[in-house]
Amino acid sequence: MISSPLSQFGDRLSQIRQTLPQTVRLIAVTKQISPEMMRIAYEAGIRDFGENRIQEAEDKQEQLRDLTDVTWHLIGHLQSNKAAKALELFSWIHSVDSLKLAQRLNQIAESSSEQPKICKPKIFLQVKLLPDPNKFGWSAAELLTDLPLLDQCIHLDIAGLMSIPPYGLDSSKTQSVFTQTRDLAEEIRQQTRQHNFRHIQMRELSMGMSDDYLLAIQAGATMIRLGRTLFGDRA
Ligand SMILES: *Cc1c(COP(=O)(O)O)cnc(C)c1O
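Each value, and the rule that gives it
Here the residue numbers are simple positions, counted from 1 along each chain's written sequence. For this predicted model, a pLDDT threshold of at least 70 governs which residues receive local features, and a threshold of 80 or more governs which side-chain atom pairs are given and counted, while totals over whole chains, interfaces and linings are taken from all residues. As a rule here, side-chain values cover all heavy atoms of the structure and leave hydrogens and water aside. UniProt positions are given in the numbering used here, feature names are shortened, and annotations may be inferred rather than shown by experiment. Helix numbering and strand numbering both begin at the N terminus, where a helix is a DSSP run of H or I of at least 4 residues and a strand a DSSP run of E of at least 2. We call two residues in contact whenever any of their non-hydrogen atoms come within 4.5 Å of each other. For cavity detection a 1 Å grid was placed over the protein atoms alone, and a set of points counts as a cavity when a 1.4 Å probe fits there but cannot get out; an open set counts as a pocket when protein lies on both sides within 12 Å along at least five of seven lines, with lining residues being those that have an atom within 4 Å of a point. Grid points are joined across faces, edges and corners, and a volume is the space filled by probe spheres set on the points. Ten residue types, Ala, Val, Leu, Ile, Met, Phe, Trp, Tyr, Cys and Pro, are classed as nonpolar, four, Asp, Glu, Lys and Arg, as charged, and the remainder, Gly among them, as polar. Note on terminology: near, applied to a residue and a molecule or strand, indicates that one of the residue's heavy atoms is within 4 Å of it. The definition of a polar contact used here is a pair of N or O atoms within 3.5 Å, where within protein one atom must be able to donate a hydrogen and the other to accept one, and adjacent residues in sequence count solely through side-chain atom pairs. Accessibility throughout is a Shrake-Rupley quantity obtained with a 1.4 Å probe, and a residue counts as covered only by protein chains that appear here. Criterion for pocket placement: a molecule counts as inside a cavity or pocket if more than half of its atoms are within 2 Å of its grid points. Side-chain atoms within 4.5 Å link the members of a nonpolar core, which is a set of buried Ala, Val, Leu, Ile, Met, Phe, Trp, Tyr and Cys residues. Exposure categories follow from relative accessible area, calculated using a 1.4 Å probe and restricted to protein chains: below 20% of the type maximum is buried, above 50% is exposed, and the middle band is partly exposed. A fitted line through C-alpha atoms represents every axis, and for helices the fit uses only the stretch in contact; the resulting angles, taken between N-to-C directions, go from 0 to 180 degrees. Roughly parallel means an angle under 35 degrees; roughly antiparallel, over 145; roughly perpendicular, 65 to 115; everything else is oblique. Here a crossing is called left-handed whenever its near helix is offset anticlockwise from the far helix by less than a right angle, and right-handed whenever the offset is clockwise.

Can you tell me about the UniProt feature "modified residue: N6-(pyridoxal phosphate)lysine" (unreviewed entry) in the protein, naming the residues and giving the values?
Residues annotated in UniProt with the feature "modified residue: N6-(pyridoxal phosphate)lysine" (unreviewed entry) correspond here to Lys31. Mapped onto the elements, Lys31 comes out in the loop between strand E1 (25-29) and helix H2 (35-43). Sequence-distant contacts of Lys31, that is, excluding residues within four places in its chain, are made with Gly50, Glu51, Asn52, Glu56, Lys60 and Arg234.

Next comes the structure, spelled out in structure tokens:
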């Protein structure tokens, strides 16, 4: 008997789920994945989709409008001029990578506070703990410096840190990036108490992709973002 795409996807998903603690939230990264395949993922139980482009996400949301209990996550770099659109499309923005972008999102959230979805957007601060020309994000020192100004972004729910290790690191260096991210979140928690910041929370860690999610979970990841291991290699 030939197995259907749904049973194939379902098998892969349950194999992965067996390796995850119950509390870890799995985000299916669906960039370049067709809406048809996303429907299959939905039928298999996926309720969190991660996209990295505004236009692609908008088109897919249009086609998947009937899936009303899906949560959409933006995981790719966001330009300030698309910030308003991003807040309409996504409940979570994992890739807030500069003070300027955080302040822009805060401003939009403030001016659209009558729209429930935009009311208090949930965001991650993206950090870059090793130099990486291909990535955006705060260094640890820059982020600690910016905390007082981030704390003034009172219309944002600053939920935690997001990090992506540079491509091609060995597993001990990758592990070290994840533990440094966790330690930085702890440092921020301490500063938050010390300085009485009221709007910065560090309750989530978004880290871990197909090749390294088990290391990320060991270091305390609460959300993992999986593409290839769920859907196969992208074109
Ligand atoms: C593409 C992407 C992922 C998923 O990567 P895989 O290696 O396919 O699991 C996760 N996070 C971000 C930010 C991405 O751009």
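So much for the structure itself; the text now carries on.
Which residues make up the layout of surface pockets, and what values go with them?
As a volume, the largest pocket reaches approximately 1100 Å³. Along its surface, the largest pocket is lined by 37 residues, and Lys31, Lys135, Ile164, Met209 and Arg234 are the ones closest to its centre. Broken down by class, the residue content of the lining of the largest pocket amounts to 13 nonpolar, 13 polar and eleven charged.

Which residues make up the site of the ligand, and what are the values?
Every residue near the ligand is listed here: Val29, Lys31, Ile75, Ile164, Met209, Ser210, Arg225, Leu226, Gly227, Arg228 and Arg234. In the environment of the ligand, an oxygen atom lies 2.8 Å from a nitrogen or oxygen atom belonging to the backbone of Gly227. Isolated, the ligand exposes 390 Å² of accessible area, and the fraction of that covered by the protein chains is 91%. Among the detected pockets, the ligand sits in the largest pocket.

Now, about the nonpolar core: what can you tell me, with residues and values included?
Counting 65 residues, the largest nonpolar core has Phe49, Ile93, Leu125, Leu150 and Leu161 as its most contacted members. In terms of residue count, the dominant contributor to this core is helix H5 (residues 99-111) (five residues). Counting seven residues, the second largest nonpolar core, distinct from the first, contains Ile27, Phe124, Ala159 and Met223.

Which residues make up unusual backbone geometry, and what are the values?
Positive phi is not limited to glycine here, since Gln32 has a value of about 65°. You can see Gln32 is positioned in the loop between E1 and H2. Residue Gln32 is classed as exposed on the basis of its relative accessible area, which comes to 53%.

Give a detailed account of empty space enclosed by the protein, specifying residues and quantitative values.
Rolled over the atoms, a probe as big as a water molecule pinpoints where empty space is left. A full pass over the atoms with the stated rule returns one cavity of 30 Å³ or more. Looking at the largest cavity, the residues that line it are Val127, Lys128, Leu129, Leu130, Asp132, Lys135, Ser163, Ile164, Pro165, Pro166 and Val177. Tallied by class, the residues present in the lining of the largest cavity amount to seven nonpolar, one polar and three charged.

Explain the packing of helix H1 (residues 5-18) against H2 to me, using residue names and the numbers behind them.
At their nearest, the axes of H1 and H2 sit 9 Å apart, and the two run at 60° to each other. Considering their axes alone, H1 and H2 lie oblique with respect to each other. Every pair of crossing elements has a handedness; the one defined by H1 and H2 is right-handed. Within the contact between the two elements, H1 uses Pro5, Leu6 and Phe9 and H2 uses Met37, Ile40, Ala41 and Glu43.

Hey, could you go over H2 for me, with residue numbers and the actual values?
Because an α-helix packs 3.6 residues into every turn, residues spaced three or four apart end up facing the same way. Among the residues of H2, Pro35, Met38, Ile40, Ala41 and Tyr42 are the ones counted as buried. Those residues of H2 hidden inside the fold are in contact with H1, strand E2 (48-51), helix H3 (54-63), strand E3 (71-74) and helix H9 (228-231). Following H2 by one or two positions, Gly45 has its phi on the positive side, about 120°.

Break down the packing of H5 against helix H6 (residues 140-150) for me, citing the residues and quoting the values.
With their axes 11 Å apart at the nearest point, H5 and H6 run at an angle of 15° to one another. What the angle tells us is that H5 and H6 run roughly parallel. The chirality of how H5 crosses H6 is right-handed. Seen from H5, the contacting residues are Leu99, Ala102 and Gln103; seen from H6, they are Asp146, Leu149 and Leu150. Here the residues of the contact of H5 with H6 sort into four nonpolar, one polar and one charged.

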